[in-house]
Amino acid sequence: MTTLENGKAVGAGIDRVDAPLKVTGAALYPNDFSFPDMAHAALVGSTIAAGRIRGIDVSEAVSAPGVLRVITHMNAPKLERGRTTPLGASPPAPLQDNRILHYGQHVAVVVAETAEQARHAARLVHVEYDATDAVLDVNDPRAEILVDPLGYDTERGDVEAGFARADVVVGGTYTTPDNTNNPLGLFTTVAHWNGDALTVHDSTQSIHNVRTSLATVFKVPEAGIRVLAPFVGGGFGAGLRMWPHVVLAVVAARETGRPVKLVLTRPQMFTSVGHRPNSVQEIKVGATREGDLVAIEHHALSSTAMEDDNAELVSRVAAVSYACPNVVTRDRQARLNIPCPGSMRAPGEGQGNFPLESAIDEAAHAVGMDPLAFRLRNFAERHPLSGLPWSSNALRECLTEGAELFGWSKRTEEPGSMRDGRWRVGYGLAAASFTFYQNPCQARASVRSDGSAYVRSGATDIGTGTYTVMTQLAAELLGLDVSRVRFDLGDSDMPYAPQAGGSGLTGGLGNAVHDACHNLVQAFLDVVRHDEESPLRGASVDDVSVTDGRIHLAGDPEQGETYAAILDRHDLTELSADGKSTPPQSQDLGMAIAGAFGAKFVEVRIDPDLGLLRVARVVSVIDGGRILNEKTATSQIVGATVGGISQAMFEETATDAGTGRIANATFGDYLMPVNADIPDMQVRFVGAPDPATAVGTKGVGEIGLVGLAAAIGNAVFHATGRRIRSLPITVDQLMN
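Here we summarise the structure given alongside this text. Since we're looking at a predicted model, the values are computed, not measured. (Residues numbered from 1 in each chain as written. Predicted model: local features only at pLDDT ≥ 70, side-chain atom pairs only at ≥ 80, totals over all residues. Heavy atoms only, no water.)

Check the secondary structure of the chain and you find 18 helices and 28 strands. Over its C-alpha trace the chain gives a radius of gyration of 27 Å, about what one expects of a compact globule, namely 27 Å for 736 residues. Oriented by its inertia axes, the alpha-carbon framework of the chain measures out at about 85 × 70 × 50 Å. Within the chain, the proportion of its 736 residues that are buried is 60%. (Helix = DSSP H or I, 4+ residues; strand = E, 2+ residues; numbered from the N terminus. Rg over C-alpha atoms; globule rule 2.2 N^0.38 Å. Buried < 20%, exposed > 50% of the residue type's maximum accessible area, 1.4 Å probe, protein only.)

Viewed as axis vectors pointing N to C, helix α12 (residues 466-478) and helix α13 (residues 505-527) meet at an angle of 30 degrees, and their least axial separation amounts to 10 Å. Considering the angle they form, α12 stands roughly parallel to α13. The chirality of how α12 crosses α13 is right-handed. Facing α12, whose interface residues are Thr466, Met470, Leu473, Ala474, Leu477 and Leu478, α13 presents Leu505, Thr506, Leu509, Gly510, Val513, His514, Cys517, Leu520 and Val521. For the contact of α12 with α13, the residue count by class is 11 nonpolar, 4 polar and no charged. (Axes fitted to C-alpha atoms, helices over the stretch in contact; angles between N-to-C directions. Parallel < 35°, antiparallel > 145°, perpendicular 65-115°, else oblique. Left-handed = near helix turned anticlockwise from the far one by under 90°. Contact = heavy atoms within 4.5 Å. Nonpolar A, V, L, I, M, F, W, Y, C, P; charged D, E, K, R; others polar.)

Here α12 spans 18 Å end to end across 13 residues, near enough to the 18 Å set by a 1.5 Å rise per residue. Within α12, 13 of the 13 residues are buried, which leaves it mostly tucked inside the rest of the structure. Looking one or two residues beyond α12, the residue adopting positive phi is Gly479, at roughly 65 degrees. (Expected span 1.5 Å × (residues − 1).)

What follows covers the pattern of salt bridges. If you walk through the whole model with that rule in mind, you get 41 salt bridges. We note a salt bridge from Arg54 to Glu128, for which the minimum N-O separation is 3.5 Å. Taken together, the positions of Arg54 in strand β2 (residues 51-57) and Glu128 in strand β6 (residues 126-131) put the pair 74 residues apart, joining distant regions of the chain. Note on Arg54: relative accessible area 51%, which makes it exposed. Close ionic contact of Glu222 with Arg211 constitutes a salt bridge, the shortest N to O distance being 3.4 Å. On the criterion of sequence distance, the pair formed by Glu222 in the loop between α5 (207-218) and β12 (225-228) and Arg211 in helix α5 is long-range, its members being 11 residues apart. For Glu222, a relative accessible area of 25% translates into the label partly exposed. Look at Arg211 and you get buried, because its relative accessible area is 16%. If you follow the salt bridges from partner to partner, you end up with Arg81, Glu144, Arg241, Asp308, Asp309 and Arg335 in one network. (Salt bridge = Lys/Arg side-chain N within 4 Å of Asp/Glu carboxyl O.)

Looking now at the sheet that holds β6. Spatially, the 3 strands line up as an open sheet ordered β4-β2-β6, and their pairing is antiparallel. Each edge of the sheet is formed by a strand with only one pairing partner; in this case those strands are β4 (99-100) and β6. (Pairing = 2+ DSSP bridges.)

It is worth spelling out the side chain of Thr288 at this point. Here Thr288 is to be found in the loop between β14 (279-287) and β15 (293-305). Classification of Thr288 as buried rests on a relative accessible area of 6%. Not counting residues up to four positions away in its chain, the partners in contact with Thr288 are Arg165, Asp167, Val294 and Val367.

By size, the foremost hydrophobic cluster in this structure holds 95 residues, and its most contacted members are Phe218 and Val513. Considering each element in turn, this core owes the most residues, 11 residues, to α13. If near-sequence neighbours (up to four positions away) are discounted, Phe218 is found in contact with Leu79, Trp193, Val247, Val250, Val251 and Arg254. Residues Ile296, Val320, Leu372 and Phe379 belong to the second largest nonpolar core, which totals 70 residues. (Core = buried A, V, L, I, M, F, W, Y, C linked by side-chain atoms within 4.5 Å.)

By definition, the strands of a sheet pair up through backbone hydrogen bonds, in either a parallel or an antiparallel sense. The strand order across the open sheet formed by 4 strands is β21-β20-β19-β25, and the pairing between neighbours is mixed. The strands lining the two open edges of the sheet, one partner per strand, are β21 (485-488) and β25 (574-581). The sheet shows a mean angle of 15 degrees between the axes of neighbouring strands, direction not considered. Where strand β20 (residues 453-456) and β21 come together, 4 bridges link them in parallel fashion. From the neighbouring strand, Arg456 faces β21, where its bridge partner is Asp488. Strands in contact with α12 are β19 (441-448), β20 and β21; relative to β21, the strand with the most contacts, it is inclined by about 135 degrees. Here α13 sits on the sheet in contact with β19, β20, β21 and β25, set at roughly 140 degrees to β25.

On to the environment of Ile100, then. Mapped onto the elements, Ile100 comes out in strand β4. Taking the relative accessible area as the measure of exposure, Ile100 reaches 2% and is therefore buried. Sequence-wise, Ile100 and Leu313 are 213 residues apart; in three dimensions their C-alpha atoms are separated by 28 Å. Residue contacts for Ile100: discarding those within four places in its chain leaves Ser46, Ile48, Ala49, Ala50, Gly51, Arg52, Ile53, Gln105, Val107 and Tyr129.

By themselves, these are just geometric observations and shouldn't be taken as functional.
Here it is, written out as structure tokens:
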């Protein structure tokens, strides 16, 4: 019971346990919840990007049918900003003054009897502004620059000396645009006060973060707040922070004395729940003729909002990816009149890997070496910053097995030398990594009188399969069939769990479930410690195994008894135990705790006359540590691969340079791939369970996206000889 061994439950690619609820419509999302006498809220957004509100005329809105309240900065309660949480700073509280910091900023909320009445009345709110010139470009000299905002800039060796001894120096300026998360489900908040007790149904990836933040904003005890999110219609990072619209729904409920539902519109999803910030990155890579990296310099400038503190490590990926003795990475941010950015799948690495892996490819070509061989030659045997051995790192296997699976050996060396009829064909690859990330977590496990188990934790499942893999894990650890285990989440009254994000939930939650199940078996042994009728009398948890609902002596299955028998004999209806996990520390273990690694191989085809780019094949080989469910893990990689293709070729949140208005804030205008744009995809997992934790997972949520943009760009170079340095890759970049 001290470690996890693969058995019949863990690793099996079983179907999602929550699938029947979803396909029958029985899964309740935040938008599905209602209360008697519930009112509805609609938001009014600013139509300028910078300035002040001169006046607001709400008379028409107030007198419109069904309207209960119109709340502006003139009559809104004074609210504190939510406190800093493990996810970072909370966004500023809404409606606190007349300043406008970005286009679409909430300037009023209308509450009415029906959603239609609220939306109609919102259009009747008339706002007059004193506009000022907005700062919208990271290169605008008026932008305030934040240097090393997270304190993670790195420097090792002597970079100038490294470049001096390099035979080849390559690099350039790379740009990535704003991307918007765009989960299918519109974010919804339903708030209901009962005295000082508050119940909130919310589209969030972190119910405990919402509870903590609301307690601070409204000065009420956390114990009196219950946040519920049993199902969330996607997130991709948009649900990690508690956004201002959540606060406004709660304000509206308190002001009207009624439950209130607020559903964002699709255009409001572009201005209200974050986005991947854009970046301008300068990278320079030096190498010897033999193919040894001798210097890397990576500087990143990305955007942030005027009064927000969200930051991402964009350049740091260059510091930890290769065995290079001389490396400098620098991150800066420019404050702009834009909606608050937030995390989007593979934050930081999603942007930073693109120039790094493009420059690595360019360096390989410059020294006349196969890009695969170049990466293998510069593989980091130890963590490049700490010098510690990796807890696990199967990147070599990712590259070599991926090359074999893809057929990399068929690639010809010369750019533009591969064709299929009129189509130019290109092969590209990129290595990928995602930093280890975990937060503390708690869980509770129970076994009932019928021998079934109930395990729970206040986590969220945004479609990643958390319900399923935790059911499998608990079944394995308790020796039960999966059908005999129920795992529950999505309720802040359950034990504390961190957010579903950063590829860290499966690890943190899995280790807490492991501890809870271990402690539960020990609790059963404590019950029979002096029981002369029990064959387990005097046994410790290290002496036993669990199989088919029975605890038995290790190596002697006949010497044991069922959970149900123990409970029955001792007149117990249930036995429970709590568990917790603490993230492992490198200094304690003497090794660098590893995140996931991967290799992406891509074949592209380009029509030279029309500039059409098509991705024909993608092979992803991933080291994700222990894979609890290969079916759901594969689904994660496939979904993230689609996101990576989208980032490389389609997505760009277009902001009008004159007004700050997002010009493509609908699904009709914001380009995303459809089925016809997605090629054959192969996924393979390599590596072994990571020994840093009891469960041995490393997370696969982000690693599927990282590297796709660079691999596609490298394939385009191989097909055309053109080095693409700006995303998304568009027709005009590929025209003859």
